[in-house]
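Fold and geometry: a report
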Amino acid sequence: MEPKIAALALAGMVLAGLAYASTSAGLQQAFAHNFTGDESANFIANVEKAKVHLQLADKNLRKSDVALAHVEHARMHFDDHILGEVAEKNKRVATDLGAAFDKLEGMIGDKAPRADIKKQIKAVNSLLGEAQSARIDKKFLKDGDVQAIVMAQMVTEALDAYNRAFGMMMPGEAGSHGNSHGGSSNSMNATASHSSSGVMDGHMDQVYDKDAYEVSKAFVTKASGMFSKVKNLAPAGSEEEMAQVKAGLGKLRTAVNHKESPDDVAIIVHGQIHENLIKAFDLKLPDDTAT
């Protein structure tokens, strides 16, 4: 009888976990915002995302598999299509950036001296800056709407990584992330455990993907570092909304550091930070539900 009871209990936990994850993911998706409509903002955001992953690669050079995964993730934001856009403005930069990524991946794979790898990471970062200068008109670097969207995307990245850190996969996300930079090959089991025993007093008791958790914290830091610039570009009369954004970033950092539930983190991201950025800059976002 005991094995049967245990089996039934385990099955119940799995089903409950899947139901919770589905409901939680659905709730997050219901009030998520789409900040991907502006091409200039998207390109600048891709540069910033790549830089975050390069920073994490630098931090994890003692674990070559993790470092390489971060470099690969950085390169995802500069695929052939994006490099083609850069080439239209500056072919040399596009060619050099692709080659620099190739060289960096090879150096990490070959376990080259860390000092040499760090030097190559700096070279890639420098080329990312050149690519941005070639592709983006300077006026957009001082455009409040553009910079607000970029910051919003950094916050979204923090939330997405946080969800993965605790085994939660949003609809359509399964299989889109590699294990060592945020995904999980055991997402079903992780999700079941997360639901049945992962939340204690509003806090998560186990991180299922430590690399994704570090990614989340890094993007929180990136977004927080952008606040002063975005605030200075905010229109007159938006002081209250920007104060809410600042408070939301502080709450987000605390929530992530204290491992609060993904739903609580999502409420801070979408309900406080994103919502007040939209109000402050009167942002017009693409309609996710449009067909």
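Scope of this entry: the structure provided in the associated data block. Residue numbers restart at each chain and count upward from 1, following the sequence in its written direction. In view of the model being predicted, local features appear only for residues whose pLDDT reaches at least 70, and side-chain atom pairs are presented and counted only at 80 or more, with totals across whole chains, interfaces and linings using the full set of residues. Each side-chain value is worked out from all heavy atoms of the structure, with water and hydrogens disregarded.

Turning to the nonpolar core, a few remarks are in order. Ranked by internal contacts, the top residues of the largest apolar core, which has 75 residues, are Leu54, Phe78, Leu97, Met242, Leu252, Leu277 and Phe281. Helix and strand assignments come from DSSP, with helices taken as H or I runs of at least 4 residues and strands as E runs of at least 2, each series counted from the N terminus. Broken down by element, this core gets its largest block of residues, 13 residues, from helix α8 (residues 144-165). Contacts are assigned to residue pairs with any non-hydrogen atoms lying within 4.5 Å of each other. Once residues within four sequence positions are removed from consideration, Phe281 is found in contact with Gly144, Asp145, Ala148, Val230, Leu233, Ala234, Pro235 and Met242. Here, nonpolar core refers to any group of buried Ala, Val, Leu, Ile, Met, Phe, Trp, Tyr and Cys residues whose side-chain atoms link them within 4.5 Å. Each residue's exposure class comes from its accessible area (1.4 Å probe, protein chains only) as a fraction of the maximum for that residue type: buried when under 20%, exposed when over 50%, partly exposed otherwise.

Our next topic: the packing of aromatic side chains. When two rings of Phe, Tyr or Trp (its six-membered ring) have centres within 6.5 Å they constitute a pair, described as stacked for plane angles under 30 degrees, edge-to-face for angles over 60, and tilted for the intermediate range. All chains considered together, the criterion is met by 4 aromatic pairs. Between Phe43 and Phe78 the ring centres are 5.7 Å apart and the planes differ by 85°, which places this aromatic pair in the edge-to-face class. Within this pair, whereas Phe43 is found in helix α2 (residues 39-59), its partner Phe78 is found in the loop between α3 (64-76) and α4 (80-89), the two being separated by 35 residues in sequence. An identical accessibility class is assigned to Phe43 and Phe78; each is buried. Counting every residue linked through ring pairs, the aromatic cluster contains Tyr162, Phe166 and Tyr213.

For Lys111, which is not glycine, the phi dihedral falls at a positive 55°. Positionally, Lys111 belongs in the loop between α5 (91-109) and α6 (114-135). Of note, Lys259 is a non-glycine position whose phi angle comes to about 55°, a positive value.

Looking now at the environment of Gly109. If you trace the backbone, Gly109 turns up in helix α5. Taking the relative accessible area as the measure of exposure, Gly109 reaches 45% and is therefore partly exposed. Spatially, the C-alpha atom of Gly109 lies 9.4 Å from that of Ala67, the residues being 42 residues apart in sequence.

Let's shift gears to the pattern of salt bridges. For this document, the term salt bridge refers to a Lys or Arg side-chain nitrogen within 4 Å of an Asp or Glu carboxyl oxygen. Scanning the model with the defined rule gives 12 salt bridges in all. Where Lys59 meets Glu214, a salt bridge forms, and the shortest distance between an N and an O atom there is 3.4 Å. Residue Lys59 is found in helix α2, and its partner Glu214 is found in helix α10 (residues 210-233); the two are separated by 155 residues along the sequence. Lys59 sits in the exposed class, given a relative accessible area of 60%. According to the relative accessible area criterion, Glu214 is partly exposed, its value standing at 29%. The salt bridge partner of Lys217 is Glu214, with a shortest N-O separation of 3.4 Å. Of this pair, Lys217 and Glu214 both sit in helix α10, 3 residues apart, roughly one helical turn. The partly exposed category is assigned to Lys217, whose relative accessible area is 26%. Each member of the salt-bridge network shares a partner with another, and the members are Glu39, Glu85 and Arg135.

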